[in-house]
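# Notes for the structure review
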Amino acid sequence: MAVGLIAWGRFLHDGNKVTVPAPPTDPGKPWLWDFLHTEAAAIGTSFDFVQLPPWSLAQGGAAPGCDGYGVFQRRNLNGTRYGSLESLMAAIAALNVSGCLTYGDLVLHQMSGENGGPGVFRYLGADNKTMSGRGQTSPGWFRGGMKENDPIPPFCREDDVPSPADDFPFGRELSYQNCNPPHVTEADAIDYLIWAQAHTGAVGFRFDDTKGTHAPSVRRIMDALPSASFYSEYFDGNPANINSWATSPPMSGRSAVTDFPLHWRIQAACNGFDATQFDAGSAGYWQWNSGLSVGFVDNPDTDTSPGQQVISNKGLAYAYLLSLPLHLALIYGKDYFSGAVWPGSYGLKPLIDNLCWISRTFAIGAYQVRWVDRDVHVASRDGNGGPLGQSGGLLTALNFNVLSPRTITCSTPFGPNRWLHDYTGHHPDISTDRNGDVTFTIPSNAFSSGQSYLCFAPGGVDRPFPQTPHPTTQTFFAASDLDIMPATNISQQLSQRIFCAKDTKISLRLSANLSVKASLTASVSSSDNKPISRQRIGAKPEEAFGMAPATGWYTISVEGSGLPESGSDYELAVTYLGATA
């Protein structure tokens, strides 16, 4: 199981929703990407990946309540609530080098902010003058109207989506099945996805609102990036419905799925102080297919939706979540960070960091419930990870009773006469008896603090979970309808710099369709304009890839020779090791 951080949150301020409060020192600054860049090394000690919010320009721009789901222009990654494209790229590179990969949030169900009449979205091209930007729409891209009295040009009829009754109107809803011209929306979504993944360096994506999107198109869009990982938001409390969508054609297991049934069970147990709720009815989609289940305690939607929040015992919730056999486990950033970072956050970082280490170190192998009553839940992992190896196993015990500790004797997966240590620090060391059973006392849930849990595993393990640095490759695409102008015979410095670690090799891979006598040169320079790396293609090709002399920002320039007056489109892939700011 991989553990990820949902690295943003929604907050309430004076009755209004605010997306990621800005720093008190600069209340107007979009800063999330810069914050993640700074905190990347610390984040990498606990998490395998980070889930970012939508990074495309939305109708609300950088306004306090804009979360990015009302997408206006997919291919514009500047001007958002979260920061600039340059800051986004630097944050992803810093997370990569810290052993923490990045998931983007793929919003393809709807668009908002039409600026050319109903169903018409128009964008500036790379010259910032002509309305020639890629992805411009016509009414035939969309289905229905935003509301009953909305003027309806030749919009399309509704798509066959998994659950039409649950497909609530939000902005202009894209048609993938019935669009006009045929296939235009799917082709644009695929083109955008390939561009965004290569430009940013993300390795996977959350696919938003798949319950309201034509499933064959969802599958084909995902298959455009065969090596990328996906998990899908399929908002449903019935695991049978989730399983049918996730495992039947056309999806056939291509995407993992958010486990809303598990969330509802966690909510019922923690808000009701009732451990039996973890196992009531169906305890979650993970019991149907743990290999496709993406578990979470809360997320930006549930946390700010009345009746959906986990409002009590979140420490117990995370101890339970991180003991389960899941594909992915998600930690909500608002639960994790302190109020000093994001005012209104819950500050569970110390206990979640500890639970993440325990989970990543010991929580593998078969899962078995060992004890359950209204107050207490005890379950184990046997430590047999197959190709992953042996972890020694894990026994997790929770107590909801706010008044009384509970002494429990139960079976374990550890075998006889094994020394066990509680890695939460809440209990002295114990040993199994000759039958492999143990007796221990779970502290009371005093003051409803949610910290009355124990995590026993074989003693003597104190190693940090290994962090594997990953290089970053980010590709710049130059075309008149994108965000970078075609190359000309005059040197052009790209708008985005890269933030490199000291002594990292900076490699370039440049491609373009050139005439026989033309050439194109890309170069990377330090902040004092000293050349570091260079590649020329076409006439007289050459390359020389150097090392970054210091940690910091490096500029990229492209210059042609013998190019036509209209310039030349190109792609430039830059590979390097990022660094924290």
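Because the structure is a prediction, the values reported are computed rather than measured.

### Focus on the overall build of the chain
Scanning the chain from terminus to terminus reveals 10 helices and 31 strands. At 26 Å, the chain has a C-alpha radius of gyration in line with the 25 Å of a compact globule built from 581 residues. The C-alpha extent of the chain, read off along each of the three principal axes, is 85 × 60 × 45 Å. Expressed as a percentage of its 581 residues, the buried residues of the chain come to 57%. For the chain, the share of sequence-separated contacts (at least 6 apart) that also reach a separation of at least 24 residues comes to 70%. Summing over all exposed atoms, the chain offers an accessible surface of approximately 22400 Å²; the carbon and sulfur share of this is 52%. Here the chain contributes 39 positive and 52 negative side-chain charges, whose respective centroids are spaced 5 Å apart.

### What about the side chain of R265?
Its place among the elements puts R265 in helix α6 (residues 260-272). Despite its burial, R265 remains without a salt bridge, the nearest opposite charge being carried by D274 at 7.7 Å. At a separation of 2.4 Å, a polar atom in the side chain of R265 contacts the side chain of Q277.

### Observations regarding the sheet that holds strand β26 (residues 507-511)
The strand order across the open sheet built from three strands is β23-β31-β26, with neighbouring strands paired in antiparallel fashion. Of all the strands in the sheet, the pair left with one neighbour each is β23 (472-478) and β26. Direction aside, the axes of adjacent strands within the sheet are offset by 15 degrees on average. As judged from the five bridges shared by β26 and strand β31 (residues 570-576), these two strands associate in the antiparallel manner. Bridging from a neighbouring strand, L508 pairs with V574 of β31. Relative to the sheet, helix α2 (residues 85-97) contacts β23 and β31, its axis offset from that of β23 by approximately 155 degrees.

### Description of the sheet that holds strand β12 (residues 256-258)
Spatial strand order, β1-β4-β7-β10-β11-β12-β13-β14: eight strands in a closed barrel with parallel pairing. Here the average twist between neighbouring strands, direction ignored, is 25 degrees. Inspection of the sheet shows β12 paired to strand β13 (residues 293-296) by two bridges, in the parallel sense. Note on β13: the bridge partner recorded for V257 is S293.

### Some points on the nonpolar core
Among the nonpolar cores identified, the biggest contains 149 residues, and W55, I266, I331, I506, Y570 and L572 are the most heavily contacted of them. Sorting elements by how many residues they give to this core places α2 first, with eight residues. Not counting residues up to four positions away in its chain, the partners in contact with I331 are V3, G4, L5, I6, F47, Y318, L321, L322, Y336, I352 and C356. In terms of nonpolar packing, the next biggest core, distinct from the first, is built from 14 residues, L395, I430, L454 and F456 among them.

### Notes on the environment of S46
Tracing the sequence through the fold places S46 in the loop between α1 (32-44) and β4 (49-51). Note: C-alpha distance between S46 and Q496 (450 residues apart in sequence) is 29 Å. Beyond its immediate sequence surroundings of up to four residues, S46 is in contact with Y336, D353, C356 and R360.

### Describing unusual backbone geometry
Apart from glycine, the bulk of residues carry a negative phi angle, and the bulk of peptide bonds sit in the trans form. In this structure, P181 follows N180 across a cis peptide bond, with omega equal to 5 degrees. Within the secondary structure, P181 sits in the loop between β9 (172-173) and α3 (184-200). Looking along the chain, the bond that leaves P249 and enters P250 is cis, with omega of 10 degrees. Note that P250 resides in the loop between α5 (239-247) and β12. With phi around 70 degrees, D503 is a residue other than glycine that occupies positive phi space.

### So, the pairing of strand β21 (residues 438-442)
Only one face of β21 is buried, namely the one carrying V438, F440 and I442, since none of T439 and T441 on the opposite face is buried. As defined by bridge partners, strand β18 (residues 406-410) adjoins β21 across five bridges and the pair is classed as antiparallel. Its bridge partner being in β21, I408 is matched across the sheet by F440.

### Thoughts on the side chain of Q73
Topologically, Q73 is positioned in strand β6 (residues 71-73). Discounting chain neighbours no more than four positions away, the residues touching Q73 are S56, L57, Y123 and L124.

### A few points about the packing of α6 against helix α8 (residues 314-321)
Close contact between α6 and α8 brings their axes to 10 Å; oriented N to C, the two are set at 140 degrees. Viewed along their axes, α6 and α8 adopt a mutual orientation that is oblique. For the crossing formed where α6 meets α8, the hand is right-handed. Seen from α6, the contacting residues are L262, I266 and C270; seen from α8, they are A317, Y320 and L321.

### A look at the pattern of salt bridges
For the coordinates displayed, the defined rule picks out 30 salt bridges. Note that D223 and R219 form a salt bridge whose closest N and O atoms lie 2.9 Å from each other. Here the residue D223 and the residue R219 both occupy positions in helix α4 (residues 215-223), the gap between them amounting to four residues, near one helical turn. We classify D223 as partly exposed; its relative accessible area is 34%. We classify R219 as partly exposed; its relative accessible area is 22%.

### Some words on α2
For α2, spanning 13 residues, the distance from its first C-alpha to its last is 19 Å, which sits close to the expected 18 Å at 1.5 Å a residue. Summarising burial for α2: 12 of the 13 residues are buried, a large majority. Among all positions in α2, only L85, E86, S87, L88, M89, A90, A91, I92, A93, A94, L95 and N96 are buried. Just past α2, the residue G99 takes up positive phi, approximately 80 degrees.

### Regarding the packing of aromatic side chains
Using the criterion set out here, one finds 29 aromatic pairs in the structure. A ring pair is formed by W33 and Y82, whose centres lie 5.3 Å apart and whose planes are at 45 degrees; its orientation type is tilted. Remark: Y82 occurs in the loop between β6 and α2 and W33 occurs in helix α1; sequence separation between them is 49 residues. For the pair formed by W33 and Y82, the shared burial category is buried.

### Brief notes about the environment of S519
Along the chain, S519 falls in strand β27 (residues 519-525). Taking the C-alpha atoms as reference points, S519 and P416, separated by 103 residues in sequence, lie 72 Å from one another. If near-sequence neighbours (up to four positions away) are discounted, S519 is found in contact with L514, R536, I537, G538, A539, E559, G560, S561 and L563.

What counts as what
- Residues numbered from 1 in each chain as written.
- Predicted model: local features only at pLDDT ≥ 70, side-chain atom pairs only at ≥ 80, totals over all residues.
- Heavy atoms only, no water.
- Helix = DSSP H or I, 4+ residues; strand = E, 2+ residues; numbered from the N terminus.
- Rg over C-alpha atoms; globule rule 2.2 N^0.38 Å.
- Buried < 20%, exposed > 50% of the residue type's maximum accessible area, 1.4 Å probe, protein only.
- Contact = heavy atoms within 4.5 Å.
- Areas by Shrake-Rupley, 256 points an atom, 1.4 Å probe, with all protein chains shown as cover.
- Lys, Arg positive; Asp, Glu negative; His and termini not counted.
- Charge placed at Lys NZ, Arg CZ, Asp CG, Glu CD.
- Salt bridge = Lys/Arg side-chain N within 4 Å of Asp/Glu carboxyl O.
- Polar contact = N/O pair within 3.5 Å; in protein donor to acceptor, adjacent residues only side chain to side chain.
- Pairing = 2+ DSSP bridges.
- Axes fitted to C-alpha atoms, helices over the stretch in contact; angles between N-to-C directions.
- Core = buried A, V, L, I, M, F, W, Y, C linked by side-chain atoms within 4.5 Å.
- Parallel < 35°, antiparallel > 145°, perpendicular 65-115°, else oblique.
- Left-handed = near helix turned anticlockwise from the far one by under 90°.
- Expected span 1.5 Å × (residues − 1).
- Phe/Tyr/Trp six-rings, centres within 6.5 Å; stacked < 30°, edge-to-face > 60°.

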